[in-house]
Amino acid sequence: MATYAIGDIQGCYLTFRKLLEKIEFDPVEDRLWLAGDLVNRGPRSLETLRWAYRNRDSIQVVLGNHDLKLLAVAAGASSPSPQDTLDELLAAPDRTELLDWLRRRPLLVEEGPLVLVHAGLLPSWPLAEARGYAREAEAALQDPGYARLLQEAIARRVDWRNDLTGAVRWRGLTDIFTRMRMCTRDGRPSYRHNGPPEEAPGEVPWFALPAADRGSYTIVFGHWAALGLYIRPGIIGIDTGCVWGGTLTAVRLPDLTVFQEPYVD
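### Things to note about the environment of R105
Note that R105 resides in the loop between α5 (95-102) and β4 (109-111). In this structure, the C-alpha to C-alpha distance between R105 and W51, residues 54 residues apart in sequence, is 15 Å. Residues contacting R105, with those up to four places away along its chain left out, are V61, L63, E138 and Q142. In this structure the side chain of R105 is engaged in a polar contact, spanning 2.9 Å, whose partner is the backbone oxygen of W101.

### Considering the sheet that holds strand β6 (residues 182-184)
Read from one edge of the open sheet, three strands run β7-β6-β8, paired in antiparallel fashion. Edge positions in the sheet fall to β7 (189-190) and β8 (203-205), since each has one partner strand and no second. In this sheet, β7 lies alongside β6 in antiparallel orientation, the contact comprising two bridges. Bridged to M182 within β7 is S190.

### Focus: the side chain of T249
Among the secondary structure elements, T249 is positioned in strand β12 (residues 247-253). For T249, a relative accessible area of 0% translates into the label buried. Engagement of the side chain of T249 in a polar contact is seen with the side chain of Q260, the distance being 2.8 Å. If we ignore the near neighbours within four places in the chain, the residues touching T249 are A5, I6, G7, L19, L229, I238, T240, V258, F259 and Q260.

### Considerations on the sheet that holds strand β3 (residues 59-61)
Strand order across the open sheet formed by five strands is β3-β2-β1-β12-β13, with mixed pairing between neighbours. Each end of this open sheet is capped by a strand with a single partner; those strands are β3 and β13 (257-262). Averaged over all pairs of adjacent strands, the angle between strand axes in this sheet comes to 20 degrees, irrespective of strand direction. Sitting on the sheet, helix α1 (residues 13-22) is in contact with β1 (3-6), β2 (31-34), β12 and β13, with an inclination near 140 degrees to β13.

### Focus on the nonpolar core
I6, F16, L32 and L49 are the most contacted members of the largest nonpolar core, which totals 79 residues. Sort the elements by how many residues they give to this core and helix α6 (residues 127-142) lands first, with six residues. Not counting residues within four places of it along the chain, the set of residues in contact with F16 comprises I6, I9, L32, L34, W51 and L248. If you look at the next biggest cluster of nonpolar residues, it comprises twelve residues, including W33, V62, L114 and I238.

### Brief notes about the pattern of salt bridges
Applying the stated rule across the entire model yields 18 salt bridges. Across the salt bridge formed by R171 and D175, the nearest N and O atoms sit 2.9 Å from each other. With R171 and D175 both in helix α8 (residues 166-178) and four residues apart, the pair spans about one turn of that helix. Judged on exposure class, the residue R171 and its partner D175 are both buried. Several salt bridges converge on common partners, so that one network encompasses R41, K69 and D84.

### Considering the packing of helix α3 (residues 65-74) against α5
Where α3 contacts α5, the two axes come as close as 11 Å, and the packing angle between them is 130 degrees. Relative to α5, the element α3 is oriented oblique. Between α3 and α5 lies a crossing of left-handed hand. On α5, the residues that touch D67, L70, L71 and A74 of α3 are R95, L99 and L102. Of the residues contributing to the contact of α3 with α5, the split by class is five nonpolar, no polar and two charged.

Cut-offs and rules
Residues numbered from 1 in each chain as written. Predicted model: local features only at pLDDT ≥ 70, side-chain atom pairs only at ≥ 80, totals over all residues. Heavy atoms only, no water. Helix = DSSP H or I, 4+ residues; strand = E, 2+ residues; numbered from the N terminus. Contact = heavy atoms within 4.5 Å. Polar contact = N/O pair within 3.5 Å; in protein donor to acceptor, adjacent residues only side chain to side chain. Pairing = 2+ DSSP bridges. Buried < 20%, exposed > 50% of the residue type's maximum accessible area, 1.4 Å probe, protein only. Axes fitted to C-alpha atoms, helices over the stretch in contact; angles between N-to-C directions. Core = buried A, V, L, I, M, F, W, Y, C linked by side-chain atoms within 4.5 Å. Salt bridge = Lys/Arg side-chain N within 4 Å of Asp/Glu carboxyl O. Parallel < 35°, antiparallel > 145°, perpendicular 65-115°, else oblique. Left-handed = near helix turned anticlockwise from the far one by under 90°. Nonpolar A, V, L, I, M, F, W, Y, C, P; charged D, E, K, R; others polar.

Here it is as structure tokens:
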């Protein structure tokens, strides 16, 4: 049995399947940790989501920002952008089943000393606090009234503050889990920069700031294609820009063997 963490697929289904062949993935024996952004921008979001749903007993998936964009568009809370590639999925006959499963995915997964999120954790959050915020945000999205929540939250972009309530609080939390790359030097989340970390003067990667209990676990995350494969003590970044013509990366846990497949979609 092996566990593999795989970065942002974003509808690059053919590349994903070739990577599964390379690692000789067996859904009976092995498990996948998928770091979110299963869909969007790539050409085969429907095939990717159908595969994930069929193999749901062998995988762990966290929600990414593009997964939330899909849910928002499907709920009528957001309009597709010209770069989105969601039409086939939204028109699929099994759309309801697939989207209901997707919106029930977590924002944070833990197993022993390993933690999976899409983008990151705020440095000031001990893991127990982050876990509580993740469960809070997940419960709101899984509520029958989630469409209204998305409609109220989608236009709000805020920094996290402890006194936020309602849809604004939900947006603040999910932005940290699914969109954050950088922080100000005093630890506030920043969303202005998506390039290499050294090109954002005055800000630092979220994982570069000290955290109270960071040394007791390892965070696996995607979301940051410009960062690329990034493996350091306690940190494993695995978005290697497949949808932009890069590679799709799998890291075997816990021995950190790396497998990569060039973009073929």
